[in-house]
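Tertiary structure, described
The primary structure of each chain is shown beneath.
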Amino acid sequence: MIRTPSPAPRRLIAAAIVVAGAAALYTAYWYAAAYQLRTGLEAWTAEQLRGGLRIDLGQPKIEGFPGWLRVRVGRPEAATVAASNAWRWQGAAIEARSRPWRPWSIAFDGKGHHRITLGEAETARTVNVDASGLSGRVVVVGGGEVRSLGLDLKAMTVTTEHPAESLTLAVAALKFDFPSPPDLGFDLDLRGLKLPKSAATPLGDEFAAVMLRGGVSGPVVDQDWPDVLVSWRDGGGVIEVAEVTVRHGPLNLSGNGTIALDAAMQPVAAFTVRAEGYSETVDALQRAGLIKTGNVTGTKLVLAVLAKRPSGGAPYIEAPLTFQDRKLRVGPLDLLKFPVVSWGR
């Protein structure tokens, strides 16, 4: 009697063939994607050069098989080709990575030292950026168009040749969305920001927190600066601030509103705000010479009338905050007048 082979071994052999075939196909796909990534980087740098920007990525390493497509660049550099408005960036080592099956979602890391040179020769100015954490994620769609960009920063220090010009930032989370370019959505959360002494406000040089969420709409035309800004204004450009929070010295402010440009290319804004520490803020403005001593009492009196005093809580005001004709107003009160904004050319 002839015994027929059990079907089990045949099934195992068939399964092994399928697995081996799938592995071979995936391996071919990964190496093809790695090759396409390398040639894409070369094409991109060549395209940037035609546009006046020289980018040097050295010899990028592409690795990560089988679970990642990972690019490592040791010492990236970028610089303008033209001498006018010249700048140069020399970066720390950068790693970018994505899953082979989700190549449109790219995570990146670039912590360390970054050096930016502005200008040429004896007029050049150097800015050094050091961050113990610098990471993020960019999402692209067909054709390489950026759909969103996120950036996380930790323990960042920005310095120049002048020690008093340093800026420090404890932590920040920045998110930008491009739902239908040129429209832009933004969500910024900065903690522990310390400005250079030259940029300090009457309330000091430290911000405990700055949070800003909203969007920018309006046309962005390929024009020279500031013509592009004029076209943006004429096309109905506006910044919608859905939420803003600032904790700066004695001031704790939150609110929402809009910002635009008027016919004279000066900023105009209309907000509704809630503010604590308003009395201390007026005192600081008076010490800085921004409010005349004779006007302090009247200013505080108007704010006191607007104020609410919750039981067990700090007094606060809820009022319109507007900026028009270069004047900052809180409710009916003219608080400050600012100089003309020059956009340069």
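Along each chain, residue indices are assigned from 1 in the same order as the chain's sequence is written. It should be noted that, the model being predicted, local features are given only for residues of pLDDT at least 70 and side-chain atom pairs only at 80 or more, the latter also being counted only at that level, while totals for whole chains, interfaces and linings use all residues. Excluded from the side-chain calculation are hydrogens and water; included are all heavy atoms of the structure.

Moving on to the overall build of the protein. Strands here mean DSSP runs of E at least two residues long; helices mean DSSP runs of H or I at least four residues long; both are numbered from the N terminus. Broken down by element type, the protein carries four helices and 20 strands. Each principal axis of the C-alpha distribution contributes one length, and for the protein these read about 115 × 60 × 40 Å. Exposure categories follow from relative accessible area, calculated using a 1.4 Å probe and restricted to protein chains: below 20% of the type maximum is buried, above 50% is exposed, and the middle band is partly exposed. By the burial criterion, 31% of the 345 residues in the protein qualify as buried. It only takes one pair of heavy atoms within 4.5 Å for two residues to be counted as in contact. The long-range fraction of contacts in the protein, counting pairs at least 24 apart against all pairs at least 6 apart in sequence, stands at 46%. Charged residues are defined narrowly, with Lys and Arg counted positive, Asp and Glu counted negative, and His plus the chain ends left uncounted. Working definition for charges: the position is that of NZ of Lys, CZ of Arg, CG of Asp or CD of Glu. For the protein, the separation between the mean place of its 38 positive charges and that of its 33 negative charges on side chains is 8 Å.

Our focus in this paragraph is the packing of helix α3 (residues 278-287) against helix α4 (residues 293-306). The relative placement of two packed helices is expressed as an angle between their axes plus a distance between the axes. Angular values range over 0 to 180 degrees, each being the angle between N-to-C directions of two axes fitted as lines to C-alpha atoms, with helices fitted over their stretch in contact. It is the contact of α3 with α4, at a shortest axis distance of 10 Å, that shows an interaxial angle of 165°. In terms of axis orientation, α3 runs roughly antiparallel to α4. As for the relative orientation of α3 and α4, their crossing is right-handed in sense. Residues Tyr278, Ser279, Val282, Asp283 and Gln286 of α3 pack against Thr293, Val296, Thr299, Lys300 and Leu303 of α4. Note on residue categories: nonpolar means Ala, Val, Leu, Ile, Met, Phe, Trp, Tyr, Cys or Pro, charged means Asp, Glu, Lys or Arg, and polar means any other residue, Gly included. Its residues assigned to classes, the contact of α3 with α4 comprises four nonpolar, four polar and two charged. Comment on the angle field: the value is read as roughly parallel under 35 degrees, roughly antiparallel over 145, roughly perpendicular from 65 to 115, and oblique elsewhere. When the near helix sits turned anticlockwise from the far one by under a right angle, the crossing is termed left-handed; a clockwise turn instead gives a right-handed crossing.

In terms of strand pairing, strand β9 (residues 125-141) meets strand β10 (residues 145-159) through 13 bridges, oriented antiparallel. Directly across from Ser135, in β10, lies its bridge partner Asp152. Bridge analysis of β10 against strand β11 (residues 167-177) gives ten bridges, and the strand direction is antiparallel. Looking at β11, one finds that Lys154 is bridged to Val171. Should DSSP find at least two bridges between two strands, the strands are taken to pair.

Any carboxyl oxygen of Asp or Glu that lies within 4 Å of a side-chain nitrogen of Lys or Arg is treated as forming a salt bridge with it. Evaluation of the coordinates by the stated rule reveals 15 salt bridges. Note that Lys175 and Asp177 form a salt bridge whose closest N and O atoms lie 3.6 Å from each other. Assessed through its relative accessible area of 36%, Lys175 is described here as partly exposed. One salt bridge connects Glu243 with Arg213, and the closest N-O pair in it is separated by 3.2 Å. Residue Glu243 is found in strand β14 (residues 238-248), and its partner Arg213 is found in strand β13 (residues 206-217); the two are separated by 30 residues along the sequence. By relative accessible area, Glu243 is classed as partly exposed at 39%. Salt bridges sharing common partners tie together Glu63, Arg70, Arg72, Glu95, Arg97 and Asp109.

Glancing now at the pairing of β9. One ladder, built from five bridges, connects strand β7 (residues 102-109) with β9; its direction is antiparallel. Its bridge partner being in β9, Ser105 is matched across the sheet by Val139. As paired strands, strand β8 (residues 112-118) and β9 are joined by seven bridges and run antiparallel to one another. Of the residues in β9, the one forming a bridge with His113 is Asp130.

Here a pair means two rings of Phe, Tyr or Trp (six-membered ring of Trp) with centres within 6.5 Å. Their orientation is stacked below 30 degrees between planes, edge-to-face above 60, and tilted elsewhere. This structure, assessed with the given rule, holds seven aromatic pairs. Note on Tyr26 and Phe65: the rings are 6.3 Å apart at their centroids and 35° apart in plane angle, and the pair reads as tilted. Pair noted here: Tyr26 is in helix α1 (residues 7-50) and Phe65 is in the loop between β2 (61-63) and β3 (69-73), with a separation of 39 residues, a long-range link. Its relative accessible area of 25% is what places Tyr26 among the partly exposed residues. Centre to centre, the rings of Phe323 and Phe338 are 5.5 Å apart; their planes meet at 70°, and the pair counts as edge-to-face. Of the two residues, Phe323 is situated in strand β18 (residues 316-324) and Phe338 in the segment after β20 (333-337); the sequence distance between them amounts to 15 residues. A residue is classified by how much of its surface remains accessible, and Phe338, at 35% relative accessible area, is partly exposed. Connected via pairs of aromatic rings, a cluster forms that spans Tyr26, Tyr29, Trp30, Tyr31 and Phe65.

Take unusual backbone geometry next. Here the bond from Phe65 into Pro66 is cis, since omega is 10°, no more than 30 degrees from zero. Looking at where Pro66 falls in the secondary structure, it is placed in the loop between β2 and β3. Residue Trp225 is joined to Pro226 through a cis peptide bond whose omega torsion reads 5°. You will see that Met265, though not glycine, has its phi angle at about 65°, which is positive. Examined against the element boundaries, Met265 turns out to sit in the loop between β15 (251-261) and β16 (267-276). Notably, Arg326 is not glycine yet its phi reads approximately 65°, a positive angle. Mapped onto the elements of the fold, Arg326 is located in the loop between β18 and β19 (327-330).

Take helix α2 (residues 227-234) next. Within α2, burial applies to Val228, Leu229, Ser231 and Trp232. Buried residues of α2, seen end-on, are gathered within an arc of 160° and therefore sit on one face of the element. Buried residues along α2 sit in contact with β13, β14 and β15. Just downstream of α2, Gly236 is the residue with a positive phi angle, here 85°. Read the arc as the range of directions from the helix axis to the C-beta atoms.

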